[in-house]
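Take a look at the letters that make up each chain.
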Number of protein chains: 2
Amino acid sequence: MMEHPENSDEYKGLVVNEGVVNLPQVNPYATFHRKKRVLTADEYVEGILKGDITLLSQAVTLVESNLPSDQAIAQQVIERCLPHAGGSVRVGITGVPGAGKSTFIEALGTELCKQGKHLAVLAIDPSSERSKGSILGDKTRMNELSVQANAFIRPSPSAGSLGGVARKTRETIVLCEAAGFDTILVETVGVGQSETAAHSMVDFFLLLQVTGTGDELQGIKRGIMEMADGIAINKCDGHNVERAQAAKVSFKNALALFPPTESGWKPYAETCSAVEKTGIQEVWKMIEQYIRFTRESGYFDVKRTEQAKYWMYETINSSLLNGFYQNPEMEALTRLMEKKVLNNEISSFIAASELINAYTKRQ
Amino acid sequence: MMEHPENSDEYKGLVVNEGVVNLPQVNPYATFHRKKRVLTADEYVEGILKGDITLLSQAVTLVESNLPSDQAIAQQVIERCLPHAGGSVRVGITGVPGAGKSTFIEALGTELCKQGKHLAVLAIDPSSERSKGSILGDKTRMNELSVQANAFIRPSPSAGSLGGVARKTRETIVLCEAAGFDTILVETVGVGQSETAAHSMVDFFLLLQVTGTGDELQGIKRGIMEMADGIAINKCDGHNVERAQAAKVSFKNALALFPPTESGWKPYAETCSAVEKTGIQEVWKMIEQYIRFTRESGYFDVKRTEQAKYWMYETINSSLLNGFYQNPEMEALTRLMEKKVLNNEISSFIAASELINAYTKRQ
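Residues numbered from 1 in each chain as written. Chains lettered and ligands numbered in written order. Predicted model: local features only at pLDDT ≥ 70, side-chain atom pairs only at ≥ 80, totals over all residues. Heavy atoms only, no water.

A. Local environment of the overall build of chain A. Each helix and strand counted, chain A has 14 helices and seven strands in total. By the burial criterion, 61% of the 363 residues in chain A qualify as buried. Nonlocal contacts in chain A, meaning residues at least 24 apart in sequence, comprise 76% of its contacts between residues at least 6 apart. For chain A, the exposed area adds up to about 14100 Å²; of that, 55% sits on carbon and sulfur atoms. (Helix = DSSP H or I, 4+ residues; strand = E, 2+ residues; numbered from the N terminus. Buried < 20%, exposed > 50% of the residue type's maximum accessible area, 1.4 Å probe, protein only. Contact = heavy atoms within 4.5 Å. Areas by Shrake-Rupley, 256 points an atom, 1.4 Å probe, with all protein chains shown as cover.)

B. Summary view of helix α13 (residues 328-342) of chain B. All names here are of chain B. Across its 15 residues, α13 extends 21 Å between first and last C-alpha, which sits within 8% of the 21 Å expected from 1.5 Å per residue. For α13, every residue scored as buried is listed here: M330, T334, M337, E338 and V341. Buried residues of α13, viewed axially, fall in a sector of 110°; they line one side. In α13, the exposed residues that point more than 90 degrees away from the buried face are P328, E329, R335 and K339. Immediately beyond the C-terminal end of α13, within one or two residues, lies N344, with a positive phi of roughly 60°. (Expected span 1.5 Å × (residues − 1). Arc of directions from axis to C-beta.)

C. Focus on the pairing of strand β6 (residues 230-234) of chain B. Residues and elements named next belong to chain B. Most of β6 is tucked away, with five of its five residues classed as buried. Of the two faces of β6, the one carrying G230, A232 and N234 and the one carrying I231 and I233 are both buried. Sheet analysis places strand β5 (residues 204-210) next to β6, joined by five bridges and oriented parallel. The residue bridging L206 from the neighbouring strand is G230, located in β6. (Pairing = 2+ DSSP bridges.)

D. Fine view of the sheet that holds strand β3 (residues 151-153) of chain A. Residues and elements named next belong to chain A. The sheet built from seven strands is open, its strands ordered β3-β2-β4-β1-β5-β6-β7 with parallel pairing. Of all the strands in the sheet, the pair left with one neighbour each is β3 and β7 (269-271). Ignoring which end each strand starts from, the neighbouring axes of this sheet average 25° apart. Strands β1 (89-95), β2 (119-124), β3 and β4 (183-189) of the sheet are contacted by helix α8 (residues 162-178), whose axis makes an angle of about 170° with β2. (Axes fitted to C-alpha atoms, helices over the stretch in contact; angles between N-to-C directions.)

E. Here's a closer look at the pattern of salt bridges. Overall, the coordinates contain 24 salt bridges over all chains when judged by the stated rule. The closest approach of N and O atoms between A:R167 and A:E171, which form a salt bridge, is 3.2 Å. Taken together, the residues span about one helical turn, with A:R167 and A:E171 both in helix α8 at a distance of four residues. We classify A:E171 as buried; its relative accessible area is 2%. B:E144 is paired through a salt bridge with B:K277; the nearest N and O atoms lie 3.6 Å apart. Taken together, the positions of B:E144 in helix α7 (residues 143-146) and B:K277 in the loop between β7 (269-271) and α11 (280-297) put the pair 133 residues apart, joining distant regions of the chain. Among the residues examined, B:E144 registers a relative accessible area of 32% and is labelled partly exposed. By relative accessible area, B:K277 is classed as partly exposed at 42%. (Salt bridge = Lys/Arg side-chain N within 4 Å of Asp/Glu carboxyl O.)

F. Region of the structure containing unusual backbone geometry. In this model, B:K235 sits at a positive phi of 60°, which is unusual for a non-glycine residue. Even without a glycine there, the phi angle at B:K277 is positive, about 55°.

G. Broad picture of the relation of the copies chain A and chain B. When chain A is fitted to chain B, the best match, at an RMSD of 0.0 Å, comes from turning it 180° and sliding it 0.0 Å along the axis. These values place the two chain copies in the arrangement generated by a two-fold rotation axis. Relative to the rotation axis, the closest C-alpha in chain A is found at A:A254, a distance of 2.2 Å. Interface residue correspondence from chain A to chain B reaches 100%, placing this contact among same-surface, isologous pairings. (Least-squares fit on C-alpha atoms with pLDDT ≥ 70 in both.)

H. Representation of the interface of chain A and chain B. Every contact between the two is made by 81 residues of chain A and, on the other side, 82 residues of chain B. Both faces considered, chain A and chain B share a buried interface measuring about 7800 Å² in area, 68% of it formed by carbon and sulfur atoms. Viewed at the interface, chain B and chain A are joined by two salt bridges. Across the salt bridge formed by A:E338 and B:K309, the nearest N and O atoms sit 3.9 Å from each other. (Buried area = accessible area lost by both parts, 1.4 Å probe.)

I. Examining the pairing of β5(B) more closely. Residues and elements named next belong to chain B. The element β5 is largely enclosed, with a buried count of seven among its seven residues. Residues F204, L206, L208 and V210 of β5 are buried on one face, and the alternating residues F205, L207 and Q209, pointing to the opposite face, are buried as well. In this sheet, β5 lies alongside strand β1 (residues 89-95) in parallel orientation, the contact comprising four bridges. Looking across to β5, one finds that V91 is bridged to F204.

J. The environment of B:A244, seen in detail. Residues and elements named next belong to chain B. Looking at the secondary structure, you find A244 in helix α10 (residues 241-257). A C-alpha to C-alpha distance of 8.6 Å links A244 and C272, two positions 28 residues apart in sequence. The residues contacting A244, other than those within four sequence positions of it, are T211, I233, C236 and T271.

K. Main features of the confidence of the model for chain A. All names here are of chain A. Model confidence for chain A is summarised by a mean pLDDT of 82, while 81% of its residues fall at 70 or above. Note on residues 129-134: pLDDT under 50 across the span, and twelve contacts to partners over four residues away in sequence or across chains. Here the prediction assigns the complex a pTM of 0.75, and the interface score ipTM is 0.74. (pLDDT = per-residue confidence, 0-100.)

L. Region of interest: the packing of helix α12 (residues 299-325) of chain A against α13(B). Here α12(A) crosses α13(B) at 135°, and the two axes come no closer than 10 Å. Compared by their axis directions, α12(A) and α13(B) come out oblique. In this structure, α12(A) crosses over α13(B), and the sense of that crossing is right-handed. When α12(A) is examined against α13(B), the residues A:T305, A:A308, A:K309, A:M312 and A:Y313 are found in contact with a partner set consisting of B:T334, B:M337, B:E338, B:V341 and B:L342. Broken down by class, the residue content of the contact of α12(A) with α13(B) amounts to six nonpolar, two polar and two charged. (Parallel < 35°, antiparallel > 145°, perpendicular 65-115°, else oblique. Left-handed = near helix turned anticlockwise from the far one by under 90°. Nonpolar A, V, L, I, M, F, W, Y, C, P; charged D, E, K, R; others polar.)

M. Fine view of the packing of aromatic side chains. Evaluation of the coordinates by the stated rule reveals 20 aromatic pairs over all chains. Here the aromatic rings of A:F349 and B:W311 are separated by 5.8 Å at their centres, their planes lie at 50°, and the arrangement is tilted. Of this pair, A:F349 sits in helix α14 (residues 348-361) while B:W311 sits in helix α12 (residues 299-325), each in a different chain. Residue A:F349 shares its accessibility class with B:W311, and that shared class is buried. The interplanar angle of 55° and the centroid separation of 5.9 Å between the aromatic rings of B:W265 and B:F293 together place this pair among those described as tilted. Remark: B:F293 occurs in helix α11 and B:W265 occurs in the loop between α10 and β7; sequence separation between them is 28 residues. Owing to a relative accessible area of 33%, B:F293 belongs among the partly exposed residues under this scheme. (Phe/Tyr/Trp six-rings, centres within 6.5 Å; stacked < 30°, edge-to-face > 60°.)

N. The arrangement of the environment of B:Y313 in detail. Relative to the assigned elements, B:Y313 resides in helix α12. It is 37 Å that separates the C-alpha atoms of B:Y313 and B:N253, two residues lying 60 residues apart in sequence.

O. Inspection of the sheet that holds strand β3 (residues 151-153) of chain B at higher detail. Residues and elements named next belong to chain B. The parallel open sheet is built from seven strands, whose spatial order is β3-β2-β4-β1-β5-β6-β7. Unpaired on one side and paired on the other, β3 and β7 mark the two borders of the sheet. In this sheet, adjacent strand axes meet at a mean angle of 25° when their direction is disregarded. Running over the sheet, α10 touches β5, β6 and β7 and is turned about 175° from β7.

Dropping the structure here:
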């Protein structure tokens, strides 16, 4: 599809990443479980369907692993879990660092567990490196939630291409649903491309905002606001309450100016305080309303179908493109052509067709 | 890059289109000029650099033609024109049908011609068919402008894939700039994917709105508002004036809530009446301010560079993807796999990898 310049560059960057960054994953879980014998697909599936968290966790480790042997089993497990998947409500949560995502997810998650929900918390963060402490990487940030029996918290797969990381997260959703989790939260950092990936695997996409002069929007990617099915204005506490209330009104007016959503749902904003645990239930009510609304209209299933199709085509497209971009010869030639284009020596289209010719010849 | 489901589907649709719709173009200009002998690339370039509109128009016809022989000459002409291109201000104008785009462009264009500008008006409308009367197709809609000596109005290339149509429009910009046009307006219908294509070839992207209850946003694609560098609220006349003024304020507040733009420019809204020719100069002042602002910050050139890169990678990517999607075997197999995915018989990722394997084998 036609995209913004920055997108194509991000895509390019992303592809290059895939070549460079995609080293064998250093996943603590992986190394941990690698010591154990790898079970058969049947054993994993059986365990998952029984809701055995240890086996689920080990299976997710296989999903995250880049070892072909692990992937082989992982794909069998996923395929057999598929018929048992799809039964959860999937919620994406994004917001810039500082919006208080972890605290919010802990508050919301604890509330949902109280309600008897079985909650899985996942993340998409291609930039994540254990060393840097990825989102959800540091479980101690979720003391309260991580001790809940009904909660399964899984950090983002380690650094890699967005495509790879997103795929692993989406496959993990399948396993979690097969294991009986009825609510899935997918966290992303609202600064890059992860949101579109998350948006394309969840039912409801929540934008976590904080009040202020507008600076708090720094770093949020334009377009995300129109992607959101709802906005939660966090940190509505202490001296912030009035500003939060005011922000709620402004967002209400702003959202009213947006074109109608495909679903017909009208996104709106709620205030909350993750720290004081206020307004959390209201935010969840908003999500429940949306689910009811889209289930009744049938849009819920339409969207799930679109998403399944999307991931198939997305995967086809990336592998087609990676064949070109991950080829060292082509990479060098591409850099050369890019220079020519930037020096106005050659048109973008001629440069492209020469590259494609070179690529086709060497096959 | 990762995209919305609807995007991947649009892309897919688009690719399929390319296979089906891309018949030899029935372009009245083409048939007209085909009667004449085709000149050499040198003759076209010479004429274009002299500002010969007839030769420019004929060269554009070659750009729009799908005949390999025409394309060969066209690409030579473009390549030689490139060093003389880039000297114009490129403005994209979008808005839903009914926003009054043609009337607005006629009013703005006439004003610019009065100011002594040399104006080229182009369009991107992949759905355009002469029969249906594409945007700008019916020149009589621009009586006043079309008689201006300084104005060059060119309808959208005939129906075809968005990629193809957009490419032709972008190449036409190069020729027009080489012919000495200092202002280029690119019109799109604000309902599909054409906006991202237009957005990626212009310096300033204007969203034409009309006031009202919000219904006027029907059909505008979400995300376009955050793409706009400015909004012109048209039809600010008669009983509409108050509502238009009110809308201006609402948009001002809404835009303030948006994340900052890459350029640091703060988009805002102006009211105007294309019919009464009021506020048109103010809209143009907004565009001039933006150009000055981005020229001073250096963002103007950065964006142009990004766009040139974008088009190179975009062209590479589409040709890589079309090889797969335009292959009849793969098309059949893909439809089959899509069904399996939708029936939850197979995961999106397994389906994709099986398709890719089949594709690689048969090469």
